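Coordinates in review
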Amino acid sequence: GAGVSQSPSNKVTEKGKDVELRCDPISGHTALYWYRQSLGQGLEFLIYFQGNSAPDKSGLPSDRFSAERTGGSVSTLTIQRTQQEDSAVYLCASSVMGSTAYEQYFGPGTRLTVT
Amino acid sequence: QKEVEQDPGPLSVPEGAIVSLNCTYSNSAFQYFMWYRQYSRKGPELLMYTYSSGNKEDGRFTAQVDKSSKYISLFIRDSQPSDSATYLCAMSENSGNTPLVFGKGTRLSVIA
């Protein structure tokens, strides 16, 4: 079946502009995660949704970052007033119960470059 | 000290070699240990996961967990050029929906 999809695949923006990144999870997956992968860094957790609510926003690096999820499906990550340090690959994952634990399945990511 | 440490490599091996990839961690509450494979410019792909200590085998891949040493390993037997990728370890404290804590990944090249 269809996997997690993200759009756009690449985004180049000027410092100070706002950007929106979209994630379409696998159908039926109720949980959705956003992570960020910077050069030389591992994946860093940003925010987690269960349904439309976000019980864990602890990874959002500043108040310039926000996310929402509607209809228990599509999620949008918004970065306001982008800075060069926001340049990274933003990855979305949705999860489903596996044999003994919830398994997270990742999309291809959005590569954000702030110039 | 980061919660999960992983040697970034790069690691280069000849085709057919046995590859050993490792992570150490500091949080003794971690119970679930995952390995992801990430090809260049793609998202991470879940390879396998284990609960607590012990071994798990899936084809050419074997995952090992030693909780007493806070050390996990992924072994790849008969490595192939198609195994060339970055391998990420990840961990969580429980089986529920919870954010994963990742290592930085080890870049592996298998040379034909």
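On a predicted model such as this, the values are computed, not experimentally measured, just so you know. (Residues numbered from 1 in each chain as written. Chains lettered and ligands numbered in written order. Predicted model: local features only at pLDDT ≥ 70, side-chain atom pairs only at ≥ 80, totals over all residues. Heavy atoms only, no water.)

Notes on the overall build of chain B
- What chain B contains, in helices and strands, is zero helices and 11 strands.
- The N-to-C order of helical and strand elements in chain B reads β-β-β-β-β-β-β-β-β-β-β.
- Relative to its length of 112 residues, chain B is compact, with a C-alpha radius of gyration of 13 Å against a globular reference of 13 Å.
- Summarising its shape, the C-alpha atoms of chain B cover approximately 40 × 30 × 25 Å along the three principal directions.
- A buried classification covers 46% of the 112 residues belonging to chain B.
- Partitioning the contacts of chain B with sequence separation of at least 6, the portion at a separation of at least 24 is 55%.
- Of the roughly 5,200 Å² of accessible surface on chain B, a fraction of 45% belongs to carbon and sulfur atoms.
- In chain B, the 11 positive side-chain charges and the 11 negative ones have mean positions that sit 5 Å from each other. (Helix = DSSP H or I, 4+ residues; strand = E, 2+ residues; numbered from the N terminus. Rg over C-alpha atoms; globule rule 2.2 N^0.38 Å. Buried < 20%, exposed > 50% of the residue type's maximum accessible area, 1.4 Å probe, protein only. Contact = heavy atoms within 4.5 Å. Areas by Shrake-Rupley, 256 points an atom, 1.4 Å probe, with all protein chains shown as cover. Lys, Arg positive; Asp, Glu negative; His and termini not counted. Charge placed at Lys NZ, Arg CZ, Asp CG, Glu CD.)

Let's talk about the layout of surface pockets
- Space inside the largest pocket adds up to approximately 790 Å³.
- Along its surface, the largest pocket is lined by 28 residues, and Q37(A), L39(A), V89(A), R111(A) and Q38(B) are the ones closest to its centre.
- Breaking the lining of the largest pocket down by element, the ones donating at least two residues are β9 (88-97) and β11 (110-114) of chain A together with β9 (85-92) and β11 (106-111) of chain B.
- Residues belonging to the lining of the largest pocket are distributed by class as follows: 10 nonpolar, 13 polar and five charged.
- Space inside the second largest pocket adds up to approximately 210 Å³.
- Lining the second largest pocket, in full, are Q41(A), G42(A), L43(A), E44(A), F45(A), K2(B), E3(B), V4(B), P99(B), L100(B), V101(B) and F102(B).
- Counting only elements with at least two residues in the lining of the second largest pocket, the list comes to β5 (43-50) of chain A together with β10 (101-102) of chain B. (1 Å grid on protein atoms, 1.4 Å probe; cavity = no way out; pocket = protein on both sides within 12 Å on 5 of 7 lines; lining within 4 Å. Points joined across faces, edges and corners; volume = space filled by probe spheres on them. Nonpolar A, V, L, I, M, F, W, Y, C, P; charged D, E, K, R; others polar.)

Notes on the nonpolar core
- One finds W35(B), I72(B), L74(B), Y87(B) and M91(B) to be the most contacted residues of the largest nonpolar core, which totals 23 residues.
- In this view, M91(B) contacts V4(B), C23(B), Y25(B), F30(B), Y32(B), F33(B), M34(B), I72(B), P99(B), L100(B) and V101(B); residues no more than four positions away in its chain are not counted. (Core = buried A, V, L, I, M, F, W, Y, C linked by side-chain atoms within 4.5 Å.)

A word on the side chain of S79(B)
- Considering the arrangement of structural elements, one finds S79(B) in the loop between β8 (71-76) and β9.
- Classification of S79(B) by relative accessible area gives buried; the value is 0%.

A short note on unusual backbone geometry
- For the bond running from S7(A) to P8(A), omega is -10°, close enough to zero to count as cis.
- Relative to the elements of secondary structure, P8(A) occurs in the loop between β1 (5-7) and β2 (10-13).
- Of note, the bond from G9(B) into P10(B) is cis; its omega dihedral lies within 30 degrees of zero at 10°.
- Within the secondary structure layout, P10(B) lies in the loop between β1 (4-6) and β2 (11-14).
- At R81(A), a residue that is not glycine, the phi angle is positive and equals roughly 45°.

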